[in-house]
Amino acid sequence: MTDSVRVTLEGNDDATSVTVYGDEGDVSTDDATFRFSVGDGAETVSGDAAPADETESGAPRHIAPLADVPTDGTLRCEARSGDRGTELILRREGEAVSAWRNSCPHEPEVRLDPGPGAIVRDDRLVCHEHGARFECGDGVCTAGPCRGDALESIAVAVRDGAVYLTDDRFDSCRRLDEATA
Ligand code: FES
């Protein structure tokens, strides 16, 4: 091979490119590593996506880049289990992210985040309906009509600058801000 080859691999939230001067190489993103070889004018590409971001059924569990999760509000998403959807909200504190069901314990039909993000004041989530305040770590209500109750936590994890759903009750998750954009 006399010329270089430029290979780009697009993942869920980034793209990685490499320039190859030899006859073979590999390129990786968060999601996959592809190895390829070049010979006799024919380029071949093969590879396997890493299974870590998927459930056994193949549904994606990646939620969002860490940078998209706000500290002064929440990111609203929908986790799915079969045909059932559950709204959840994510909030970031530094490099950590917490997630809870988007429902106030005082009146469960009331969403803490009705769309533009939940209210965050003095590092606590505030229900817009009657002012209940929830600690951002454990979700316990420390003031308001449901004092002592707690938001329902949903398990998520941060890995390589992205947030993933790790709660086994759900198969997949999607952002609702992108769905309605
Ligand atoms: S519905 Fe949230 S405090 Fe009443």
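Quick caveat: nothing in here was measured; it's all calculated off a predicted structure.

A. View of the nonpolar core. One finds Ile 63, Leu 88, Ile 89, Leu 90, Ala 99, Val 156 and Val 163 to be the most contacted residues of the largest nonpolar core, which totals 29 residues. For this core, the secondary-structure elements that each account for two or more residues are strand E6 (62-65), strand E7 (75-81), strand E8 (84-93), strand E9 (96-101) and strand E15 (162-165). At 4 residues, the largest contribution of residues to this core is made by E15. With residues up to four places along the chain from it excluded, the contact list for Val 163 reads Ile 63, Ala 64, Leu 66, Val 69, Leu 90, Val 97, Val 156 and Val 158.

B. Up close: the sheet that holds E8. The strand order across the open sheet formed by 4 strands is E9-E8-E7-E16, and the pairing between neighbours is antiparallel. Of all the strands in the sheet, the pair left with one neighbour each is E9 and strand E16 (172-175). The sheet shows a mean angle of 35° between the axes of neighbouring strands, taken without regard to direction. Taken together, the 7 bridges between E7 and E8 define a ladder with antiparallel strand orientation. Bridge pairing in E8 places Ala 79 opposite Thr 86.

C. Structural view of the confidence of the model for the protein chain. Per-residue pLDDT for the protein chain averages 81, and the proportion of residues at 70 or more is 65%. Within the model, pLDDT remains below 50 along residues 41-52, and this stretch shows 18 contacts once partners closer than five positions in the same chain are excluded.

D. Structural context of the environment of Val 69. Within the secondary structure layout, Val 69 lies in the loop between E6 and E7. Each C-alpha atom, one on Val 69 and one on Arg 92, is 5.7 Å from the other, the two residues being 23 residues apart in sequence.

So, how was this worked out
- For every chain, the first residue of its written sequence is number 1, and the numbers climb from 1 along that sequence.
- The predicted origin of the model limits local features to residues at a pLDDT of at least 70 and limits the giving and counting of side-chain atom pairs to 80 or more, whereas totals for whole chains, interfaces and linings rest on all residues.
- In this description, a nonpolar core means buried residues of the types Ala, Val, Leu, Ile, Met, Phe, Trp, Tyr and Cys, linked to one another by C-beta atoms lying within 7 Å.
- Here the C-beta atoms are placed from the backbone, and a residue counts as buried if at least 20 other C-beta atoms lie within 10 Å of its own, exposed if 12 or fewer do, and partly exposed otherwise.
- Runs of H or I in DSSP of at least four residues are treated as helices and runs of E of at least two as strands, each being numbered from the N terminus.
- Working definition of a contact: two residues with C-beta atoms, positioned from the backbone, lying within 7 Å.
- Strands pair, by our definition, only if DSSP identifies at least two bridges between them.
- A fitted line through C-alpha atoms represents every axis, and for helices the fit uses only the stretch in contact; the resulting angles, taken between N-to-C directions, go from 0 to 180 degrees.
- Looking at any residue, its pLDDT shows the predictor's confidence there, from 0 to 100.

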